[in-house]
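Structure at a glance
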Amino acid sequence: MRVTIIGLNYSPEPTGIGVYTTGLSEALAASGHPVTVITGNPHYPQWRIYDGYGSHKREDGREHDREKIRGVNVTRVRHGVPSQPRLWNRLGMELGFGIRAVFSKWDRPDVAVLVTPALFSVGAAMLRARLFRTNTCIWVQDIYSLGVSESGTGGHLATWLLRRIERSILRSANTVVVIHERFKRYLVEEMAIDADSVEVVRNWCHTDYPNGDRREEVRTTRGWKTDDIVVLHAGNMGAKQALENVVHASEIAEQRGSKVRFVLLGDGNKRHQLEAMGVNRRLEFIDPLSEEAFQATLSAADILLVNERPGLTEMCVPSKLTTYFNTGLPVIAATDESSVTADELALAGGGIRINAAVPGDLVDAAEKLGRDAESSAAYGAAGRRFSAGFLSSDAAISRFRRILEQGACDSGVERGRLARPFPTGATDAVEPK
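Residues numbered from 1 in each chain as written. Predicted model: local features only at pLDDT ≥ 70, side-chain atom pairs only at ≥ 80, totals over all residues. Heavy atoms only, no water.

As annotated in an unreviewed UniProt entry, the protein chain is D-inositol 3-phosphate glycosyltransferase from Cryobacterium sinapicolor.

**Quick look at the pattern of salt bridges**
All chains considered together, the criterion is met by 21 salt bridges. Across the pair Glu 344 and Arg 202 runs a salt bridge, and its minimum N-O distance is 2.2 Å. Separated by 142 residues along the polypeptide, Glu 344 in helix α12 (residues 340-348) and Arg 202 in the loop between β8 (198-200) and α7 (215-222) bring together distant segments of the chain. Across the pair, exposure class does not vary: Glu 344 and Arg 202 are buried alike. Lys 259 serves as the salt-bridge partner of Asp 227, at 3.1 Å between the closest nitrogen and oxygen. Of this pair, Asp 227 sits in the loop between α7 and β9 (229-234) while Lys 259 sits in the loop between α8 (244-256) and β10 (260-265); the two residues are 32 residues apart in sequence, bridging distant segments of the chain. For Asp 227, a relative accessible area of 41% translates into the label partly exposed. Classification of Lys 259 as partly exposed rests on a relative accessible area of 43%. The structure contains a network of salt bridges with shared partners spanning Glu 181, Arg 202 and Glu 344. (Salt bridge = Lys/Arg side-chain N within 4 Å of Asp/Glu carboxyl O. Helix = DSSP H or I, 4+ residues; strand = E, 2+ residues; numbered from the N terminus. Buried < 20%, exposed > 50% of the residue type's maximum accessible area, 1.4 Å probe, protein only.)

**Let's talk about empty space enclosed by the protein**
Empty space among the atoms becomes apparent when a probe as large as a water molecule is rolled across them. What the rule picks out here adds up to two cavities of 30 Å³ or more. Volume-wise, the largest cavity comes out at about 110 Å³. Taken together, 13 residues form the lining of the largest cavity, with Arg 202, Asn 203, Val 317, Thr 322 and Glu 344 sitting closest to its centre. (1 Å grid on protein atoms, 1.4 Å probe; cavity = no way out; pocket = protein on both sides within 12 Å on 5 of 7 lines; lining within 4 Å. Points joined across faces, edges and corners; volume = space filled by probe spheres on them.)

**Some thoughts on helix α14 (residues 373-390)**
For α14, which comprises 18 residues, the first-to-last C-alpha distance of 26 Å matches the rise-based estimate of 26 Å (1.5 Å per residue) to within 8%. Looking at α14, one finds that the buried residues are Ser 376, Gly 380, Ala 382, Gly 383, Phe 386 and Ser 387. Viewed along the axis of α14, the buried residues span an arc of 160°, placing them on a single side of the element. The exposed set on the far side of α14, more than 90 degrees from its buried face, consists of Ala 373, Glu 374, Arg 385, Ala 388 and Gly 389. Those residues of α14 that are buried are in contact with α11 (320-324), α12 and α13 (359-371). (Expected span 1.5 Å × (residues − 1). Arc of directions from axis to C-beta. Contact = heavy atoms within 4.5 Å.)

Have a look at this one:
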């Protein structure tokens, strides 16, 4: 089965969608399927192209264009990266990437996997796939139009238009893979996508279980006291995370003389703004770490935090939860009661939910968990059980592989639920290599 995967994000990005695109690609290649990935230059979560990519050259003088990484043929195409991402400049980035991806070498795939976001690059790639009768699978990591609506980045007209575009693109695919049951329900009930064409494959835990051997070493190095209640948020610092709530909570903790210490680990387009709000003794920023150091720092915390903007209910499932649940630590989720995140936390039993954007509640919840070792341990153990039972990488990737293998068998013909007829008059042109 020849597979071409088109997605803006890929390794070495340490967090977000790129981690899962890389994981699927390498697993398919390891099982013997020829895999080609067409991706962009790594830029997330910093929103700037990593050193050594883009217009920069490697030490050997060769640019990052096409190379083989762990059995995967990876082609990187150039595109702009907005330092302050907004709806319209992100659209420009996606279109720039998508147009270059369309004219790249696809290596004659039996099935093409198109990753959204970025929606507009998926739309461009779908035109080529339809033209050459390539079976397609759209992998939905976030619902794009809901993201615009719930994050307040676009007006009513923009949201309405994006919703129609997204629905049209999704309905043109042979199959759609979503990462949560709530996503499927929304696509079927609100966007009229055929339920039989939508499959659910959860994102998986991509990190090892941290053993905590370096816990005291890390805490000492970081200056975390034995009685500090360390609440750590890991990952992107962007608009969706609304981490101003955490900065305000740290100010409250400082005023109270609380033992709660908030740690923001990672990067993102909002980090400088958050730092400018003022650092105090109850707030710390940590730059992105290597995988080993990241795991050690995570396991040295007492509580892990998901913080979301009020009003985010359907658009996304925070990928950090797959890592959090695997640590055996309790989780606090500052999120709306009706959100996907709240549902996921309740299903796992891995922690407590508090209202979004109420910093006093965040301090209260952290102090309560910090004083209750028994409840904290119980939440952590429940998260671990959920991770082992529902977030296995082997199970998720095996299911994805079966979906793609069925799609590859049906490639170019109307057969079963994964293949759809192409429009009358579609060309029989031969796919160029």
